[in-house]
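What the coordinates show
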Amino acid sequence: MASPGRGAFGEPDLLARCIRTSSYNGVGALPRLLIVFLTAVASTGADVVPHVQAVRQTIHVHGPVVDLRGDCGAKGDGVSNDTGAFQKAARMLQEAGGGTLRIEAGIYIVGRQGHEEGAYPYYRREPIFVVRDVNGLLIEGAEGAVIRLADGLRYGSFDKDTGEPIEPNMPFLDRDCHVSASVMFDIARSRNVILRNLELDGNRGRLILGGQWGDTGWQLAAGGIHLFGCRDVLVENVRTHHHGQDGIMIGFAGLRESDPPTPHVLLNVISEYNGRQGLSWVGGRGLTAVRCRFNHTQRGGFGSAPGAGVDIEAEDSICRDGLFVGCEFVNNGGCGLAADTGDGGYSRFEDCLFWGTTNWAMWNTRPGMVFENCRFYGSVVHSYGSAERPELATRYKGCHFEDVEHPRYGVYRSYLLINHDNARPNVLFEDCDIVANRLKALWFACGEAPGIILRHCRITHRHAGLENGDFQSLLRGVVLDNVRFKEDLPDTARDYYIIAQDVSVEGDTHIDGPRVRWQRARSGPTGPLPDRRY
């Protein structure tokens, strides 16, 4: 249990940590939902648990209470197909403009496909639960409520006339051959929405797989939760796993920075073993994830790019005001976090764990990304820098970087622990520990002033497997302010050096030595470095 006044991660309570995000990157105040959420947290003196009171203040659900079994005829016996019951529940709530869906304990099998002679594609999916334009919707499961996709649904490219799997040349966009497996909860243009206490099992291993479709992989619907064009949403205590595509997708087409916030909160969500992403955030202003796990994407079956734990990729929209606290991004087939395309980024990560085991722990090229007290295990690549807008450059504060083996899955090593080649200026590492065990530590190359900035950081070189006279880190266009270069090498280690070109040394910067020296192996200086440009 967390100590009084401190959060569950051993840091000051969530309120104190989250309030600091209220004007980060200059993008404005926190969404209303999160402000009230934090107010409730502060009033109780606890960490995250009292969010329920906060949600009650902001999300109001009226209308009928629909019981999935009693009112809609669901069996929940793990054998009967309950798609019709979910469809009936959706119709009832749609007609009422909102309401509550109660799901008792049980295993509810969903998902159906049929064939209509002369209609394409050959297999046509039925919707499961689809609502539009409702105001006030609560979907709540009792303990042990599991919704599982049916065995044997087709997914991928199938011949439009015979229904047999085909292997097309990619990219392939023929919708007559496009067979999707459906989305469990498809909610759009709605507000005041809560999904709570559910397990959504996409049953990825029991899909009948056709050929790929889209630009790469299987870019077709087969997900747990889709939220498009929604506002004031809470997803709480949901495990969404083994879907063919995404555990959760959140988007808001056509959004601009001048538009009102679109708050979404994910609390204690586990989104793992999905085919494409744990979470795809493709549009919105205000996404908060607390104690969520976005792990093991693409593991245990087929997968599609990007294959990330979380992908921030605005599509005909913007992604702004993201906040991730105490979240995991571990053992994904793609990057733990990917932020590489679209008008997105602009997110803060606190007390998060990134662990790349076969791919980069993180790949980020978008502006406004801030990481505080995070742990990165495995190689990290790219950053965003800017001479014109330094406040949008990537910032790391109090973070730890190391190539540590995961006890089950290993660690991804790609020659360098942190690779920021051809970087732009003002990327900041402050009070960070960087430990390279079996990798070269840094490749920091920036051709614009002031360069990449390391302030009050500690870099430890442990890689004793390099050739004699090789370099351990490369610094070009870098500012060092109170930085210590340490080494932990055997007495029999060879001699190494730190490449330093166009490096400005400020404050108390120190090279421990004796094996790793400044600028030259064997003859380069160690000890304190005079303040000047090298």
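Everything that follows concerns the structure shown earlier in this document.
The paragraphs below set out a description of the structure included in this document.

The rules behind these values
- Residues numbered from 1 in each chain as written.
- Predicted model: local features only at pLDDT ≥ 70, side-chain atom pairs only at ≥ 80, totals over all residues.
- Heavy atoms only, no water.
- Helix = DSSP H or I, 4+ residues; strand = E, 2+ residues; numbered from the N terminus.
- Buried < 20%, exposed > 50% of the residue type's maximum accessible area, 1.4 Å probe, protein only.
- Contact = heavy atoms within 4.5 Å.
- Pairing = 2+ DSSP bridges.
- 1 Å grid on protein atoms, 1.4 Å probe; cavity = no way out; pocket = protein on both sides within 12 Å on 5 of 7 lines; lining within 4 Å.
- Points joined across faces, edges and corners; volume = space filled by probe spheres on them.
- Nonpolar A, V, L, I, M, F, W, Y, C, P; charged D, E, K, R; others polar.
- Phe/Tyr/Trp six-rings, centres within 6.5 Å; stacked < 30°, edge-to-face > 60°.

1. So, the overall build of the protein
Helix and strand content of the protein: 4 helices and 45 strands. A buried classification covers 59% of the 534 residues belonging to the protein. A fraction of 75% describes how many contacts in the protein between residues 6 or more apart in sequence connect residues 24 or more apart.

2. Here's the deal with the pairing of strand β25 (residues 337-343)
As defined by bridge partners, strand β23 (residues 308-325) adjoins β25 across 4 bridges and the pair is classed as parallel. Bridged to Ile318 within β25 is Asp343. Relative to strand β28 (residues 362-364), β25 runs parallel, the two being bridged by 3 bridges. Within β28, the position partnered with Ala338 by the bridge is Trp363.

3. Digging into the environment of Ile498
Here Ile498 shows up in strand β42 (residues 496-506). On the basis of relative accessibility, which here comes to 0%, the residue Ile498 falls in the buried class. Between the alpha carbons of Ile498 and Arg517 there is a distance of 6.2 Å; along the sequence they are 19 residues apart. Look past the residues within four positions of Ile498 in its chain and what remains in contact with it is His461, Ser473, Leu475, Phe485, Ile511, Val516, Arg517, Trp518 and Gln519.

4. Regarding the layout of surface pockets
Approximately 360 Å³ is the volume found for the largest pocket. Lining the largest pocket we find 21 residues, and of these Gln277, Ala305, Pro306, Asp311 and Glu313 sit closest to its centre. Only β20 (277-281), β23 and β25 provide two or more residues apiece to the lining of the largest pocket. Element by element, the count of residues in the lining of the largest pocket is highest for β23, at 5 residues. Looking at the lining of the largest pocket residue by residue, the class counts come to 10 nonpolar, 6 polar and 5 charged.

5. Concerning the packing of aromatic side chains
By the definition in use, this model includes 31 aromatic pairs. Between Phe86 and Tyr108, the aromatic rings sit 6.2 Å apart at their centres with planes inclined by 90°, giving edge-to-face as the arrangement. Pair noted here: Phe86 is in helix α4 (residues 83-96) and Tyr108 is in strand β4 (residues 106-110), with a separation of 22 residues, a long-range link. Like Tyr108, Phe86 is buried. Centroid distance Phe329 to Phe354: 4.5 Å. Interplanar angle 5°. Geometry classified as stacked.

6. Details of the sheet that holds strand β10 (residues 154-157)
Here 3 strands make up an open sheet; going across it, the order is β11-β10-β14 and the pairing mixed. Two strands lie at the open edges of the sheet, namely β11 (178-179) and β14 (208-209), each paired on one side alone. In terms of strand pairing, β10 meets β14 through 2 bridges, oriented parallel. In the strand pairing of β14, Tyr155 is matched with Leu209.

Just distances and angles here, no functional claims.
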